[in-house]
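Coordinate analysis (summary)
Here is how the chains run, residue by residue.
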Amino acid sequence: GALWFLQSRPVTALHRAPLGRHPNRFGAGPVAETFPRALSPLEQDLWVPPLRDGIVRALRATRAVSDAELRRSPVIATVDGRVVIDLDLISGTDPHRSWRSRVSPRSILRRLRSAWRVGRLRVALPALATLVVQSVDEHLDAVGRIGASTEAELLALLDRSRAELATVHSYE
C-alpha cells in the first residue's frame, strides 16, 4: 500500500563501497555536481583526498556526526572512477542504530547543538567565503611560472593546493 518514488538518473545511483568492506550506502549525492563524470586514477589521487578532508572538516565543525562515526566511514570513495559519498554519514541516519539510541536525550541534544552550529555558520558563511576566495586568489597569484619551477617546487605546490582544496570543500 506504499507509494515509492525512485530517481533513476545514473549520477544519483547508489553504489556499495569498494570490496564490500563497509555496510554503508554510497551514492553521488552532493558530490555529483563537483565530479559529474568518472575520474582517471591520477585525477582521483589529486581531487578525492582534499574532498574527503574538506567534508570531514565540515562535519567536525558542525559536530553533525561523532568522531567514532567518522572513523568507521571512508566518507568518500570511488566506484569505477566515480566519486561517491557515504550517504548514511552525511544524512545523519544510521540504519544500524536502535530506536532507543535515536530518541535518547543525548542523541537529541547532539542534533540540536548541530542545528544551532549550522545556523550560526549560515550567518557567517558569506563573509567566510569571501575570505576563502581572497586567500585562494592570493595563493594562486604567488605561484609564478610553472615551467620555471623545479620538481621539488611543483611537489610543494601540489601539497599546498591540496590544503587549499580541502579548505574550499569544507566551506562548500
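Residues numbered from 1 in each chain as written. Predicted model: local features only at pLDDT ≥ 70, side-chain atom pairs only at ≥ 80, totals over all residues. Heavy atoms only, no water.

The full count for this structure, using the stated rule, is four salt bridges. Residues arginine 162 and aspartate 45 are paired through a salt bridge, measuring 3.4 Å at the closest nitrogen-oxygen approach. A residue pair is termed long-range when its members are at least 10 positions apart, and arginine 162 in helix 6 (residues 151-171) and aspartate 45 in helix 1 (residues 41-62) qualify at 117 residues. With relative accessibility at 27%, the residue arginine 162 sits in the partly exposed group. For aspartate 67, the salt bridge goes to arginine 60, with nearest N and O atoms at 3.2 Å. Residue classification places aspartate 67 among the partly exposed positions, given a relative accessible area of 40%. The exposure class of arginine 60 is partly exposed, given its relative accessible area of 44%. (Salt bridge = Lys/Arg side-chain N within 4 Å of Asp/Glu carboxyl O. Helix = DSSP H or I, 4+ residues; strand = E, 2+ residues; numbered from the N terminus. Buried < 20%, exposed > 50% of the residue type's maximum accessible area, 1.4 Å probe, protein only.)

The terminal C-alpha atoms of helix 1 lie 31 Å apart, and with 22 residues this matches the ideal 32 Å at 1.5 Å per residue to within 8%. Maximum bend of helix 1: about 30°, positioned at tryptophan 47, with proline proline 49 one to four residues after it. Among the residues of helix 1, those classed as buried are Glu43, Val48, Pro50, Leu51, Gly54, Ile55, Val56, Leu59 and Thr62. One or two residues past the end of helix 1 sits arginine 63, with phi positive at roughly 55°. (Expected span 1.5 Å × (residues − 1). Bend = angle between axes of the 7 residues up to and from the residue.)

A few words now on the nonpolar core. Ranked by internal contacts, the top residues of the largest apolar core, which has 16 residues, are Val31, Leu51, Ile55, Leu70, Val75, Ile76 and Val83. Of all elements in the fold, only helix 1, strand 4 (82-86) and helix 3 (87-91) reach the threshold of two or more residues within this core. A total of five residues in this core trace back to one element, the largest contributor, which is helix 1. Those residues in contact with isoleucine 55 that lie beyond four places of it in its chain are Val31, Val75, Ile76 and Ile85. (Core = buried A, V, L, I, M, F, W, Y, C linked by side-chain atoms within 4.5 Å. Contact = heavy atoms within 4.5 Å.)

With that settled, the discussion passes to the packing of helix 1 against helix 6. Interhelical geometry of helix 1 versus helix 6 gives an angle of 45° and a closest axis separation of 7 Å. In this view, helix 1 runs oblique relative to helix 6, as classed from their interaxial angle. When you trace helix 1 past helix 6, the crossing you get is right-handed. Contact residues: helix 1 offers Asp45, Leu46, Trp47, Pro50, Leu51, Asp53, Gly54, Arg57 and Ala58, while helix 6 offers Leu158, Arg162, Ala163, Leu165, Ala166, Thr167, His169 and Ser170. Class assignment of the residues belonging to the contact of helix 1 with helix 6 gives a composition of nine nonpolar, four polar and four charged. (Axes fitted to C-alpha atoms, helices over the stretch in contact; angles between N-to-C directions. Parallel < 35°, antiparallel > 145°, perpendicular 65-115°, else oblique. Left-handed = near helix turned anticlockwise from the far one by under 90°. Nonpolar A, V, L, I, M, F, W, Y, C, P; charged D, E, K, R; others polar.)

Relative to strand 4, strand 3 (residues 76-79) runs antiparallel, the two being bridged by four bridges. Considered in strand 4, the bridge of threonine 78 is made with valine 83. From the end of strand 3 to the start of strand 4, which pair antiparallel, there are two residues, and aspartate 80 there has a positive phi angle of about 55°. (Pairing = 2+ DSSP bridges.)

Right, let's talk about helix 6 for a bit. With 21 residues, helix 6 should reach 30 Å at 1.5 Å per residue; the first-to-last C-alpha distance of 31 Å fits that figure. Buried within helix 6 we find Leu157, Ala166, His169 and Ser170. Where the residues of helix 6 are buried, they touch helix 1.

The values are spatial; any link to function lies outside them.
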